[in-house]
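A look at the structure
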Amino acid sequence: MRIAPGRLVYLGFGKYVRSDRIVALLPIEEERGPGRRTLVYVEGLPEPVVAGRTEATIVRDMVGPEGGAVELLRELQAQIKQVRPLLKASIRSEAGLDLDELSRKISALTGEGEGERDAADRLL
């Protein structure tokens, strides 16, 4: 994976770091909770920055969207939201395709919503 240089990465609670200045990410295991998920080691800083986001989410932001894949997923999700519930149920029954579950996974992968970001980390 290639880090997108000079990209600002949001760490949570108003903290941002340039993607190419991040040296290491360490998940917090003890005393982990809201606002305390990852230690971010930044070039030039003597102590790590405590981030409120998970390491997987930070890495995803460091790398950036690959070839428009995120935009494609968002467009697919917008189309799924246009499908009426009865048709979704029929598709699930006939084809075994759960459009609501697919939409949740897209939300998780694209980082839409904080609760869904945690779900994305479980997917990765």
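Here's what I pulled together on the structure shown here. (Residues numbered from 1 in each chain as written. Predicted model: local features only at pLDDT ≥ 70, side-chain atom pairs only at ≥ 80, totals over all residues. Heavy atoms only, no water.)

1. What about the pairing of strand 1 (residues 8-12)?
Here strand 1 pairs with strand 2 (residues 15-18) via 4 bridges, running antiparallel. Considered in strand 2, the bridge of G12 is made with K15. Count of turn residues in the strand 1/strand 2 antiparallel hairpin: 2 residues, of which F13 carries a positive phi of about 55°. (Pairing = 2+ DSSP bridges. Helix = DSSP H or I, 4+ residues; strand = E, 2+ residues; numbered from the N terminus.)

2. Quick notes on the pattern of salt bridges
Where charged atoms of side chains with opposite charge meet at close range, the side chains can pair. Taken as a whole and judged by the stated rule, the model has 6 salt bridges. Across the salt bridge formed by D20 and R18, the nearest N and O atoms sit 2.9 Å from each other. By relative accessible area, D20 is classed as partly exposed at 32%. Note that D100 is salt-bridged to K88, the shortest N-O span being 2.9 Å. Here D100 is found in helix 4 (residues 99-110), whereas its partner K88 is found in helix 3 (residues 85-95), with 12 residues between them in sequence. The class for K88 is buried, based on a relative accessible area of 11%. A single salt-bridge network, built from bridges that share partners, covers K88, R92, D98 and D100. (Salt bridge = Lys/Arg side-chain N within 4 Å of Asp/Glu carboxyl O. Buried < 20%, exposed > 50% of the residue type's maximum accessible area, 1.4 Å probe, protein only.)

3. Focus: the sheet that holds strand 5 (residues 49-51)
Taken together, the 3 strands give an open sheet; going across it, the order is 3-4-5, and neighbouring strands pair in antiparallel fashion. Bordering the open sheet on either side are strand 3 (22-27) and strand 5, each of which pairs with just one other strand. Each adjacent strand pair in this sheet contributes to an overall mean axis angle of 25°, direction not counted. Judged from the 5 bridges that link them, strand 3 and strand 4 (residues 38-42) form a sheet pairing that is antiparallel. Each bridged residue has a counterpart across the sheet, and for L26 the counterpart in strand 4 is L39. Where helix 1 (residues 55-63) meets the sheet, it contacts strand 3, strand 4 and strand 5, and its direction lies at approximately 155° from that of strand 3. (Axes fitted to C-alpha atoms, helices over the stretch in contact; angles between N-to-C directions. Contact = heavy atoms within 4.5 Å.)

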